[in-house]
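Survey of secondary and tertiary structure
As a plain string of letters, each chain reads:
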Amino acid sequence: MKRREFLVGAALLAGTMARSRAADVPAPSSDGLDRITAYFDNEVTNGRLPGAVVLVQQHGKPVYLKTIGVRDTRTGLAMTPDTIFAIHSMTKPITCLGAMMLIDEGKLALTDPVSKYVPLFADTKVGLEVTNPDGTLHLDLVAPVRPVNIEDLLRHTSGISYDYIGGKWVEQAYKAANIFEGQFNNREFAERIARLPLARQPGTLWRYGHSTDVLGSVIEIISGQTLYEFLKQRIFDPLGMSSTKFALATEDELARMARPLPNDNILLAAKRERLDHPEWQSGGGGLLSTITDYQRFAQMLLNGGEFDGKRYLSPAAFKAMTTDHVGPGSGVGRDYFYFPGDGFGYGYGLAVRTDPGNAKPPPPGSLGELKWDSGSGTYFGVDPKLDMVYLLMQQTQNERSRITPAFKALVYDCYPSELRRP
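Just so it is clear, the structure is predicted and the values come from calculations on it, not from any experiment.

1. Section: the overall build of the protein chain
For the protein chain, the count of helices and strands is 13 helices and 14 strands. Whereas a compact globule of 422 residues would reach a radius of gyration of roughly 22 Å, the protein chain reaches 21 Å, a difference of no more than 12%. Looking at the protein chain residue by residue over its 422 residues, the buried ones come to 51%. Here the contacts in the protein chain between residues at least 6 apart in sequence split such that 68% fall between residues at least 24 apart.

2. Quick notes on the pattern of salt bridges
Side-chain pairs of opposite charge can arise whenever the charged atoms involved come near each other. Here the structure, examined in full by the defined rule, presents 21 salt bridges. The partner of arginine 256 in a salt bridge is aspartate 82, and the shortest N-O contact between them spans 3.6 Å. Within this pair, whereas arginine 256 is found in the loop between helix 9 (251-255) and helix 10 (265-276), its partner aspartate 82 is found in the loop between strand 3 (77-78) and strand 4 (85-86), the two being separated by 174 residues in sequence. Aspartate 82 sits in the partly exposed class, given a relative accessible area of 35%. For arginine 400, the salt bridge is made with aspartate 373, and the minimal N-O distance between the two is 4.0 Å. Taken together, the residues span a long stretch of sequence, with arginine 400 in helix 13 (residues 400-412) and aspartate 373 in strand 12 (residues 370-373) at a distance of 27 residues.

3. Let's talk about the pairing of strand 6 (residues 137-142)
Bridge count for strand 5 (residues 126-131) against strand 6 is six bridges, and the pairing is antiparallel. When the sheet's bridge partners are listed, threonine 131 is paired in strand 6 with leucine 137.

4. A few points about the packing of aromatic side chains
Tallying each qualifying case throughout the model produces 29 aromatic pairs. Ring geometry for tyrosine 294 against phenylalanine 380: centres 5.1 Å apart, planes inclined by 65°, an arrangement best described as edge-to-face. Of the two residues, tyrosine 294 is situated in helix 11 (residues 291-302) and phenylalanine 380 in strand 13 (residues 379-383); the sequence distance between them amounts to 86 residues. This pair shows no difference in class: tyrosine 294 is buried, exactly as phenylalanine 380 is. Above the face of the tyrosine 312 ring, lysine 310 is positioned so that its terminal group lies 5.4 Å from the ring centre. In this arrangement the basic side chain of lysine 371 is found over the ring face of phenylalanine 344, its NZ or CZ atom lying 4.2 Å from the centre.

5. Re the side chain of threonine 396
Looking at the element boundaries, threonine 396 is found in the loop between strand 14 (388-393) and helix 13. Given a relative accessible area of 2%, threonine 396 falls into the buried group. At a separation of 3.0 Å, a polar atom in the side chain of threonine 396 contacts the main-chain amide nitrogen of glutamate 399. Setting aside residues no more than four positions away along its own chain, threonine 396 makes contact with Leu49, Asp264, Leu267, Gly375, Ser376 and Gly377.

6. Description of the packing of helix 2 (residues 30-45) against helix 13
Contact geometry of helix 2 with helix 13 gives a least axis separation of 9 Å together with a crossing angle of 160°. Classified by the interaxial angle, the pair formed by helix 2 and helix 13 is roughly antiparallel. Judged by the sense of rotation from one axis to the other, the crossing of helix 2 with helix 13 is right-handed. Seen from helix 2, the contacting residues are Arg35, Ile36, Tyr39, Phe40 and Glu43; seen from helix 13, they are Arg402, Ile403, Ala406, Phe407, Leu410 and Val411. Broken down by class, the residue content of the contact of helix 2 with helix 13 amounts to eight nonpolar, no polar and three charged.

7. A few points about unusual backbone geometry
Going from lysine 360 to proline 361, the amide bond is cis rather than trans, its omega being -5°. Among the secondary structure elements, proline 361 is positioned in the loop between strand 11 (351-353) and strand 12. Phi at histidine 156 is positive, roughly 60°, even though this residue is not glycine. Counting through the fold element by element, histidine 156 comes out in the loop between helix 4 (150-155) and helix 5 (168-177). Residue histidine 156 is classed as buried on the basis of its relative accessible area of 0%. In this model, asparagine 178 sits at a positive phi of 50°, which is unusual for a non-glycine residue. Here asparagine 178 shows up in the loop between helix 5 and helix 6 (186-194).

8. Some details on the sheet that holds strand 14
Across the sheet, which stays open at both edges, the eight strands sit in the order 3-2-1-14-13-12-11-10 with antiparallel pairing between neighbours. This sheet does not close on itself; its edge strands, each paired only once, are strand 3 and strand 10 (344-346). Where strand 1 (residues 51-58) and strand 14 come together, six bridges link them in antiparallel fashion. Along strand 14, the bridge assignment pairs valine 54 with leucine 392.

Quick notes on the rules
Residue indices begin from 1 for each chain and proceed along its sequence in written order. Under the rules for a predicted model, residues below a pLDDT of 70 receive no local features and side-chain atom pairs below 80 are neither given nor counted, while totals for whole chains, interfaces and linings still include all residues. Hydrogen atoms and water are omitted, and side-chain values are computed over all heavy atoms in the structure. By the criteria applied, helices consist of DSSP H or I runs no shorter than four residues and strands consist of E runs no shorter than two, each listed in order from the N terminus. Radius of gyration: over C-alpha atoms. The globule rule applied is 2.2 Å multiplied by the number of residues raised to the 0.38 power. Relative accessible area decides the class of each residue, using a 1.4 Å probe on protein chains only: under 20% of the type maximum gives buried, over 50% gives exposed, and in between gives partly exposed. Contacts are assigned to residue pairs with any non-hydrogen atoms lying within 4.5 Å of each other. The working definition used for a salt bridge is a side-chain nitrogen of Lys or Arg within 4 Å of a carboxyl oxygen of Asp or Glu. By this definition, two strands are paired if DSSP reports at least two bridges between them. Only Phe, Tyr and Trp rings take part, Trp by its six-membered ring, and two of them pair if their centres are within 6.5 Å. Stacked means planes under 30 degrees apart, edge-to-face means over 60, and tilted covers everything else. We call a charge positioned over a ring when the NZ of a Lys or the CZ of an Arg lies within 6 Å of the ring centre and within 35 degrees of the ring normal. Polar contact criterion, stated in full: a pair of N or O atoms within 3.5 Å, where within protein one must be able to donate a hydrogen and the other to accept it, and residues adjacent in sequence count only if both atoms are side-chain atoms. Only the stretch in contact is used when fitting a helix axis, every axis being a line fitted to C-alpha atoms; angles between N-to-C directions are given from 0 to 180 degrees. The scheme is simple: roughly parallel for angles under 35 degrees, roughly antiparallel for over 145, roughly perpendicular for 65 to 115, oblique for anything else. Each crossing is labelled by how the near helix is turned from the far one, with a counterclockwise turn of less than a right angle marking it left-handed and a clockwise turn marking it right-handed. Polar here means any residue outside two lists: the nonpolar Ala, Val, Leu, Ile, Met, Phe, Trp, Tyr, Cys and Pro, and the charged Asp, Glu, Lys and Arg; Gly therefore counts as polar.

The values are spatial; any link to function lies outside them.
Here is the structure:
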């Protein structure tokens, strides 16, 4: 037997054994689930949150689905399971799945230079802040030690940043470039990014940024479709994600849209920016979705790349997507802006729990769990050990850093103590 066949077979056997063990895991306690309800009721009652939709699913079936508060304080319309949320960075795992499908089919390779698809990346330079003898700073532009490649886009090691992350020069360079000016599509946006200096040498630092937006452009170039057409044909329609899209078209959809509180200025500005650019299908943060749609995507991940008898990724490609690629030996550094967090590595579009972490006691969760969240407060986790998916849909930038970890702790508090920690 070839080594690759052996490894794939071993991975499948391990997955089967894990699911078998998970079948013996107790259901979450009703008292624990009631505490989740009480927590969000309190957030809404005290005016910190307009509303939320929460789902805990085990063994492929919802064991808790609760709608709390309103989708819009202006109208008073109640939250419902089909309420539509701006999911911002929870778009990234979906776009990365699309890219992994192309890799699975041999149409794209991890080692492909991005310049193969967006030629302007052949001229991209790396920014290097240098201190002058008098203590002032200036920016040197140096050649990259190697080209930015597709794996860099998938794991955020391209050196492509967001304007609010990193040194002052990064912020200044991105804002001076006016990358959101006028109308633009994915190809044009990728070319705008290619003209900016990289924040670090490719492959040397995990840095959150527009990498997945550039990846969306690559998908379009290979497929000959818009990103939405590709995702709809390959992921949304087969999974039954009928409410997941980049722009709303009908009055019914607009009425189902959740809105942040009037004082959540960052999210309201993001909404205005999205409405100003209906032509831009941002692979890094542009999707709108519902909890029932995203639950299907999350369950597919829990199933190892399969849902309702249809396989979306081969076992080998799924393993690659959900394996840590920025850990020891990878050469990838971490800094203050390492958003996967303590105890987590990063695969291709997903944080992967690799160890308990440094906190004492360690944060709740299981080794091998997958997760991601967003700037709008949406959050999801996939726990193979408990055979569980959990999702939170809300619209809050102001409160998300407090609510999200509290929500995760409440979910794991529904289980016996020996199952709560890695």
